[in-house]
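Observations on the model geometry
What follows is the residue order along each chain.
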Amino acid sequence: MAIENPNVPTCPFFENYEKAASDAVLPPGVYTLQDLRAFGKEKGWCPYFLARHMVQFANVVVYSYQYLLDPKVAGIISKEMQRESVVVFDEAHNIDNVCIEALSVSVRSQTLEGATRNLNRMSQEIDRLKATDAGRLRAEYNRLVEGLAQRGNLPIGDTWFANPALPDDILKEAVPGNIRRAEHFLSVLRRLIQYFKGRLQTENVEKEGPVSFVASINAHVGIDQKMLRFCYDRLHSLMLTLEITDTDEFLHIQTICDLATLVGTYTRGFSIIIEPFDERMPHIPDPVLQLCCHDASLAIKPVFERFQSVVITSGTLSPIDLYPRLLNFNPVVSQSFTMSLTRDCICPMVLTRGSDQLPVSTKYDLRSDPGVEKNYGKLLLEMVSVVPDGIVCFFVSYSYMDGIVNSWHESGFLKEIMQHKLVFIETQDVVETTLALDNYRRACDCGRGAVFFSVARGKVAEGIDFDRHYGRLVIMFGVPFQYTLSRILLARLEYLRETFQIKEGDFLTFDALRQAAQCVGRVIRSKADYGMMIFADKRYSRHDKRSKLPGWILSHLRDAHLNLSTDMAVHIAREFLRKMAQPYDKTGAMGKKTLLSQEDLQKTGNGIQEMLF
């Protein structure tokens, strides 16, 4: 198009990359995104396409799970990977949730309005093409008649995602006759959007399986399962024919076709849930139609089949035997390792009651108890007066954190805490949270000390390290269970029970404890580091809860630290900090090495080579 018409705008970086052809390669080295951008600017090449090209030559590629698990993206980015590649999923404690999100779709009223605008624009493009170049539409029709729009024969554009269904589940046959013509296909999509609009007008929560949902679509608007399965590929073909490049504006119609293709492809492991409002805000109408995937094994199955070595690892992968059941595979090796430390630099404690001996917990019947809020406040107040530098506090939800901070403010606890350390709070706004984190670090660096209030399952709990003086203590206020009245969660629990015989209570406890372990694990990031962890909830003293914590935490959790009150916890904290302040030999007592020198690494490497050869 640009060759025929010089007025069409082009990207000089992409054009230069195309001209360089096989010469467009990266010199040997390690490249971050910033390095790629700098190199691209220097050479005048597009760093994105250069990186895509170099993936097949690289020894190590570090990228997000979605590039391998989400079929829409994996079909573009990861298709060049060799079967012999070793795939390592690091920090994989939430891998089941990533797999489920990759195959789930939500549709709201705004999505349907946007999709209608997209269809009007495409209709105009078709009319324009009919007037100027009808041959292109005719060629596309002929290609579809001959059945050439199968997987692999349609070029996957660089601005266009691949099919949302998994590779083995895509139909290898011709597109149905009644959606081959562009106008007919748009008419089918209009009818489908009208059907979704009707379903969103419900006043009650509705839940059904894919089979009955497809039967309902067929009965009301005459669109059968096969037409639904081809929606995404047919849309892809039409967009290529119309040469629409601003694909970002067409995300709404892509979402509709995503949902149609998935619901037409899969009959098990999914539910359609229609909610007229969010249960936590029942007075605000916000209808949503959700296609929810419940089976994490669907998305990861192609990865296991395609690569001969797949490693799933994390510091909080516990209990390790539940993951093979969730992901439906038989591990060749399943191993849990303890930490090799030169000193007891981790001090986990379970606090079950306050200094007034009243139990503390975030159980629904106890969480709003003024006594519990007061005891939590006293615990933090005592700790800020004893522990130096940074303290991180995790709460079970944003609403609970807001409530307890307001309560502490009214009772004067917050003012007393701020006499010892500054207080910073994570919010749902990314910019605000980033600023709060930056100031928290500055307060720790200058010796003033700080407390950071955060939320389990939030951005800070997953990705921010509080190493060294940034985190000498983590307090986990309560057990971070999911919102158990969520319709999506209830549907998933039902599926796990029926399919994998995993009890609801077992899964909920496992999920809450992995989040708690992820939160407290922020405090210790190296062997020379040290820190304390306080699990402030009486439920952690129960064996069925505590046993699901990772082995490296349990190995340091003494029996004497299982049922503490606030004053006992303060005493233990004083003793621990005094002990950590003493100088110590990093090589370890009795010559036991846990930190390897350069010479040690070379010796180890030579030993491995001798074993191999």
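Here is a short report on the structure shown in this document. (Residues numbered from 1 in each chain as written. Predicted model: local features only at pLDDT ≥ 70, side-chain atom pairs only at ≥ 80, totals over all residues. Heavy atoms only, no water.)

The helix and strand inventory of the protein chain stands at 26 helices and 12 strands. By its C-alpha atoms, the protein chain is 85 × 65 × 45 Å across when sized along the principal axes. Sequence-distant contacts in the protein chain: of pairs separated by 6 or more residues, those separated by 24 or more amount to 79%. With an accessible surface of roughly 30700 Å², the protein chain has 52% of that area assigned to carbon and sulfur atoms. (Helix = DSSP H or I, 4+ residues; strand = E, 2+ residues; numbered from the N terminus. Contact = heavy atoms within 4.5 Å. Areas by Shrake-Rupley, 256 points an atom, 1.4 Å probe, with all protein chains shown as cover.)

The subject of this paragraph is the sheet that holds strand β9 (residues 422-425). Strand order in the open sheet made by the 6 strands is β7-β12-β11-β8-β10-β9, with parallel pairing throughout. The sheet is open, and its two borders are formed by β7 (346-351) and β9, each paired with just one other strand. In this sheet, adjacent strand axes meet at a mean angle of 15 degrees when their direction is disregarded. Sheet topology note: the β7/strand β12 (residues 531-536) ladder contains 6 bridges and is parallel. The residue of β12 that forms the bridge with M349 is I534. Helix-sheet contacts for helix α16 (residues 370-386) involve β7, β8 (390-395), β10 (450-455), β11 (473-477) and β12, and the interaxial angle to β11 is about 180 degrees. With respect to the sheet, helix α25 (residues 566-580) is in contact with β7 and β12, its orientation differing from that of β7 by roughly 175 degrees. (Pairing = 2+ DSSP bridges. Axes fitted to C-alpha atoms, helices over the stretch in contact; angles between N-to-C directions.)

Time to look at the environment of L189. Tracing the chain through its elements places L189 in helix α9 (residues 182-200). For the pair formed by L189 and E80, sequence separation is 109 residues and the distance between their alpha carbons is 33 Å. Apart from the residues lying within four places of it in its own chain, the contact partners of L189 are L119, C231, I253 and C257.

Moving on to the environment of L601. Mapped onto the secondary structure, L601 falls in helix α26 (residues 598-612). Sequence spacing of L601 and I572 is 29 residues, and the spatial spacing of their C-alpha atoms is 37 Å.

What follows deals with the environment of F89. Note that F89 resides in strand β1 (residues 86-89). When the C-alpha atoms of F89 and I193 are compared, they prove to be 38 Å apart, with 104 residues separating the residues in sequence. Those residues within four positions of F89 in sequence are excluded, and the remaining contacts are Y65, L68, L69, I95, I300, V303, V310, V311, I312 and T313.

So, about the pairing of strand β2 (residues 105-108). Covered by surrounding structure in β2 are V105 and V107 only, the residues S106 and R108 on the alternate face being uncovered. In the sheet, β2 pairs with strand β5 (residues 285-293) via 4 bridges, with the strands oriented antiparallel. When the bridges of β5 are listed, S106 appears paired with Q290. (Buried < 20%, exposed > 50% of the residue type's maximum accessible area, 1.4 Å probe, protein only.)

It is worth spelling out the pattern of salt bridges at this point. Evaluated as defined, the whole model comprises 27 salt bridges. Among the ionic pairs, R514 bridges to D96, the shortest N-O distance being 2.8 Å. Taken together, the residues R514 in helix α22 (residues 504-520) and D96 in helix α6 (residues 95-102) connect sequence positions 418 residues apart. Exposure remark for D96: the relative accessible area of 0% places this residue in the buried category. Between R539 and D537 there is a salt bridge; the shortest N-O distance is 3.0 Å. (Salt bridge = Lys/Arg side-chain N within 4 Å of Asp/Glu carboxyl O.)

With that settled, the discussion passes to the state of the cysteines. If you walk through the whole model with that rule in mind, you get 0 disulfides. With no disulfide of its own, C46 lies closest to C11 among cysteine sulfurs, the gap being 5.9 Å. Using a relative accessible area of 12% as the deciding quantity, one classes C46 as buried. Free cysteine: C293, not disulfide-bonded; nearest cysteine sulfur from C99 at 8.4 Å. (Disulfide = S-S within 2.5 Å.)

In this model, helix α13 (residues 251-265) (15 residues) spans 21 Å end to end at C-alpha, consistent with the 21 Å of a helix rising 1.5 Å per residue. For α13, every residue scored as buried is listed here: I253, Q254, I256, C257, D258, L259, A260, T261, L262, V263, G264 and T265. (Expected span 1.5 Å × (residues − 1).)

The next point concerns a nonpolar patch on the surface. A contiguous nonpolar patch, built from V86, V88 and V311 and spanning about 250 Å² of accessible area, is present on the exposed surface. By the element assignment, V86 lies in strand β1. (Patch = residues over 30% accessible without salt bridge, like charges linked within 9 Å, V, L, I, M, F, W, Y side chains within 5 Å.)

In this section: α9. Taking 1.5 Å per residue, 19 residues should reach 27 Å; α9 reaches 27 Å between its end C-alpha atoms and fits that length. Within α9, burial applies to A182, F185, L186, V188, L189, L192, I193, Y195, F196, R199 and L200.

The next thing to look at is the packing of aromatic side chains. Enumeration according to the criterion identifies 29 aromatic pairs in this entry. With 6.2 Å between their ring centres and 85 degrees between their planes, Y495 and F500 make a pair best called edge-to-face. Assessed through its relative accessible area of 10%, Y495 is described here as buried. Aromatic rings pair up to connect Y376, F395, Y400, W408, F453 and F477 into one cluster. (Phe/Tyr/Trp six-rings, centres within 6.5 Å; stacked < 30°, edge-to-face > 60°.)

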